[in-house]
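Observations on chain architecture
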Amino acid sequence: MALQPVLVIVLCGKRKSGKDHVAERLKLMLKDVLAVLQLSKPLKEQYAKEHGLDAERLLDSSSYKETYRRDMIRWGEERRDRDPAHFCRLATAEADKPVWLVCDARRPTDMDYFTSHYPTLTVKVCASEDVRKERGWVWTDGVDNAPSECALDDYSCQMLLSNNGDNVMLTQQLEQICDLAFSKLKL
Ligand SMILES: Nc1ncnc2c1ncn2[C@@H]1O[C@H](COP(=O)(O)OP(=O)(O)OP(=O)(O)O)[C@@H](O)[C@H]1O
Ligand SMILES: C[C@@](O)(CCOP(=O)(O)O)CC(=O)O
């Protein structure tokens, strides 16, 4: 049974904007109070099971997952159409820390789930196309123009986090998030 969180930090952002990097940095700063959760984890596990694939390899950052990305997106869309909260519930079921970081929100229904159930800070991780390209992003039809990449384009997050390579600026923004988390923990 999951512990009721004092704060859920929900990250969204384009591919290679740096969501995982931000999550790793926050994990170092918030240490034992933070549970890092991925909505794509139960999605990939279930997809792998139904399709006879290796879930671990879908979860790492190798090119293996890219082979299946388009079909995983389609498969995930079908599931979410039937039950928009399905992967949100699964991803948080075992969370046992007081602060949660959901590092891959992709749709307004993901945001709605967390903002309606918990105290939430929604954060859009932003990086320019040039910077994302330097990090290996290549525009892909069926991926970069699909809802899983674009559905939150017009969604207003509470914080826009700039991650264009300026480490001092990134650290300041991460400290703001940590300050909020620590203030909630003290209440
Ligand atoms: N501020 C940063 N400083 C140094 N490296 C960074 C920074 N932000 C991102 N990176 C690097 O850029 C690459 C892409 O970042 P990351 O995997 O965090 O993006 P993402 O948004 O999670 O991508 P995807 O949605 O495709 O999984 C990684 O190799 C990561 O280490
Ligand atoms: C299938 C999907 O979960 C892949 C996410 O992969 P990743 O976060 O880029 O490792 C995207 C989606 O939810 O539509």
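See the structure above.
Definitions and limits used
Sequence order as written defines the numbering, with residues in each chain counted from 1. For naming, the first written chain is A and the first written ligand is 1, with later ones following in the order written. Residue-level local features of this predicted model are given only where pLDDT is at least 70; pairs of side-chain atoms are given and counted only at 80 or more, and the full residue set underlies all totals for whole chains, interfaces and linings. In computing side-chain values, all of the structure's heavy atoms are included and hydrogens and water are not. In DSSP terms, a helix is any run of H or I states spanning at least four residues, a strand is any run of E spanning at least two, and both are numbered starting from the N terminus. For every residue, the accessible area (1.4 Å probe, protein chains only) is compared with the maximum for its type, and the residue is labelled buried under 20%, exposed over 50%, or partly exposed between those bounds. Here the accessible surface of atoms and residues is derived via Shrake-Rupley with a 1.4 Å probe, and residues count as covered only by protein chains that are part of the display. Counted charges follow a simple rule, with Lys and Arg positive, Asp and Glu negative, and His plus the chain ends left uncounted. Charged side chains are reduced to one point each, which is NZ for Lys, CZ for Arg, CG for Asp and CD for Glu. A single heavy atom is enough: if one lies within 4 Å of a molecule or strand, its residue is considered near that molecule or strand. Two N or O atoms form a polar contact when they lie within 3.5 Å of each other; inside protein one atom must be a possible hydrogen donor and the other a possible acceptor, and for residues adjacent in sequence the pair counts only when both atoms belong to side chains. Think of it as three bins: nonpolar holds Ala, Val, Leu, Ile, Met, Phe, Trp, Tyr, Cys and Pro, charged holds Asp, Glu, Lys and Arg, and polar takes everything else, Gly as well.

Glancing now at the overall build of the protein. In terms of helices and strands, the protein carries nine helices and five strands. Along the protein, from the amino end to the carboxyl end, the secondary structure elements read β-α-β-α-α-α-α-β-α-β-α-α-β-α. Taking the principal axes of the C-alpha coordinates as reference, the protein spans close to 45 × 40 × 30 Å. Burial status across the protein gives 45% buried among its 187 residues. Approximately 9,800 Å² of the protein is accessible, and the part contributed by carbon and sulfur atoms is 52%. Put simply, the protein has 28 plus and 30 minus side-chain charges, and the middle of one group is 1 Å from the middle of the other.

All residues in the neighbourhood of ligand 2 are listed as Ser-40, Leu-43, Lys-44, Lys-65, Arg-69, Met-72, Ile-73, Arg-80, Arg-106, Arg-107 and Ser-148. At a separation of 2.9 Å, an oxygen atom of ligand 2 approaches a polar side-chain atom of Arg-69. Contact between ligand 2 and Arg-80: an oxygen atom at 3.1 Å from a side-chain N or O atom of the residue. Look at ligand 2: alone it shows 390 Å² of surface, and the protein chains cover 91% of it.

Further remarks concern the site of ligand 1. Taken together, Lys-14, Arg-15, Lys-16, Ser-17, Gly-18, Lys-19, Asp-20, His-21, Arg-135, Asn-163 and Leu-170 are the residues near ligand 1. Here an oxygen atom of ligand 1 and a backbone polar atom of Lys-16 are 3.1 Å apart. One of the backbone N or O atoms of His-21 is found 2.8 Å from an oxygen atom in ligand 1. In isolation ligand 1 offers 630 Å² of accessible surface; the protein chains occlude 69% of this area. Among the elements that line the shell around ligand 1, the one with the most residues is helix α1 (residues 19-30), at three residues. Among the residues making up the shell around ligand 1, the classes are represented as one nonpolar, four polar and six charged.

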